[in-house]
Amino acid sequence: MIIAVDGPTASGKGTIAKALAAHYGLPHLDTGLLYRAVGWQCFLDGGDPDDPAQALAAASFPDALLADPELRSETTGGLASRVSVHPVVRQALYDRQRSFATQPGGAVLDGRDIGTVIAPDAEVKLFVTASVAARARRRFLEMQAQGRDTTLAEIEADLAARDLRDTTRKDAPLVAAAEAVELDTSQLSRDEAVARAIALVEARAGALRSGR
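Residues numbered from 1 in each chain as written. Predicted model: local features only at pLDDT ≥ 70, side-chain atom pairs only at ≥ 80, totals over all residues. Heavy atoms only, no water.

Engineer: What should I look at first to understand the pattern of salt bridges in this one?
Structural biologist: Between side chains of opposite charge, pairing is possible as soon as their charged atoms come close. Considering all chains together, one arrives at 15 salt bridges under this definition. A salt bridge links D30 to R72, with the shortest nitrogen-to-oxygen separation between them at 3.1 Å. Of the two residues, D30 is situated in strand β2 (residues 28–30) and R72 in the loop between α3 (52–58) and α4 (74–83); the sequence distance between them amounts to 42 residues. Relative accessible area serves as the criterion here: at 17%, D30 is assigned to the buried category. R72 gets classed as partly exposed once you look at its relative accessible area, which sits at 39%. A salt bridge links D171 to R90; the shortest N-O distance between them is 4.0 Å. In this pair, D171 sits in the loop between α8 (152–168) and β5 (181–184) while R90 sits in helix α5 (residues 87–101), placing the two residues 81 residues apart along the sequence. On the accessibility criterion, D171 (28% relative accessible area) is partly exposed. Within the structure, one salt-bridge network assembled from shared partners comprises E74, R139, E142, D158 and R162. (Salt bridge = Lys/Arg side-chain N within 4 Å of Asp/Glu carboxyl O. Helix = DSSP H or I, 4+ residues; strand = E, 2+ residues; numbered from the N terminus. Buried < 20%, exposed > 50% of the residue type's maximum accessible area, 1.4 Å probe, protein only.)

Engineer: Sorry, what's going on with the packing of helix α7 (residues 132–145) against α8 here?
Structural biologist: For the pair α7 and α8, interaxial distance at closest approach is 9 Å and the crossing angle is 125°. What the angle tells us is that α7 and α8 run oblique. Considering how the two elements wind past one another, α7 and α8 form a crossing that is right-handed. For the pair α7 and α8, contact is made by V132, A133, R135, A136, R137, R139, F140 and M143 and by L152, I155, E156, L159, R162 and D163, respectively. Its residues placed into classes, the contact of α7 with α8 shows eight nonpolar, no polar and six charged. (Axes fitted to C-alpha atoms, helices over the stretch in contact; angles between N-to-C directions. Parallel < 35°, antiparallel > 145°, perpendicular 65-115°, else oblique. Left-handed = near helix turned anticlockwise from the far one by under 90°. Contact = heavy atoms within 4.5 Å. Nonpolar A, V, L, I, M, F, W, Y, C, P; charged D, E, K, R; others polar.)

Engineer: Please explain helix α2 (residues 31–44) as it appears in this structure.
Structural biologist: An α-helical turn contains 3.6 residues, so any two residues separated by three or four positions project in the same direction. Between its first and last C-alpha, α2 extends 20 Å over 14 residues, near the 20 Å set by a 1.5 Å rise per residue. Of all 14 residues that make up α2, 12 are buried, and the element is covered over most of its length. Those residues of α2 that fall on the buried side of the exposure criterion are T31, G32, L33, L34, Y35, R36, A37, V38, G39, W40, Q41 and C42. A side-chain oxygen of the first residue of α2 lies 3.1 Å from the backbone nitrogen of G32; this N-cap is D30. G46 sits one or two residues past α2 and shows a positive phi near 75°. (Expected span 1.5 Å × (residues − 1). Polar contact = N/O pair within 3.5 Å; in protein donor to acceptor, adjacent residues only side chain to side chain.)

Below, the structure written as structure tokens:
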């Protein structure tokens, strides 16, 4: 079973995807981390993330970079959003993601174009969303816990800018797949969101088994 979990930054899609993978015993891939690695590598190279050629060069980042904690920073998140608008970068990472999705037994992938581009054949598609205000509060608390210096206003402005880039980019924009079930986590705790996601997956899997 392939489970596609899409949604904007800080909506809870990563947490939900990991929980679903653990619940069903499936491998999990955070595809956003790949774009963060490209963005961070571009920065390390002294490149311009808005330049397609320089962003593409960074797509050959070493696997070890995926373990760099800097990939989780707000700065790198912004870089990831900028390099992800380039079709050449998305194509460079497509095969890696598609291979993971189609491995024997299935997988859980989260990102922004899993249900529409990477795994349009996924049996279950979730689109996890939340208000910008709710997402900013979550990310602000995360940054505070990590000792990072930022403000709630800065995070909210950054999320709004990323949403605009992600939803309006020409190639593989952030959009819910036609068959996706939307899960709004704005008012849900982590446990409530995970429980709701499992219930939605079970309902979809049950419908597939019954041929509906």
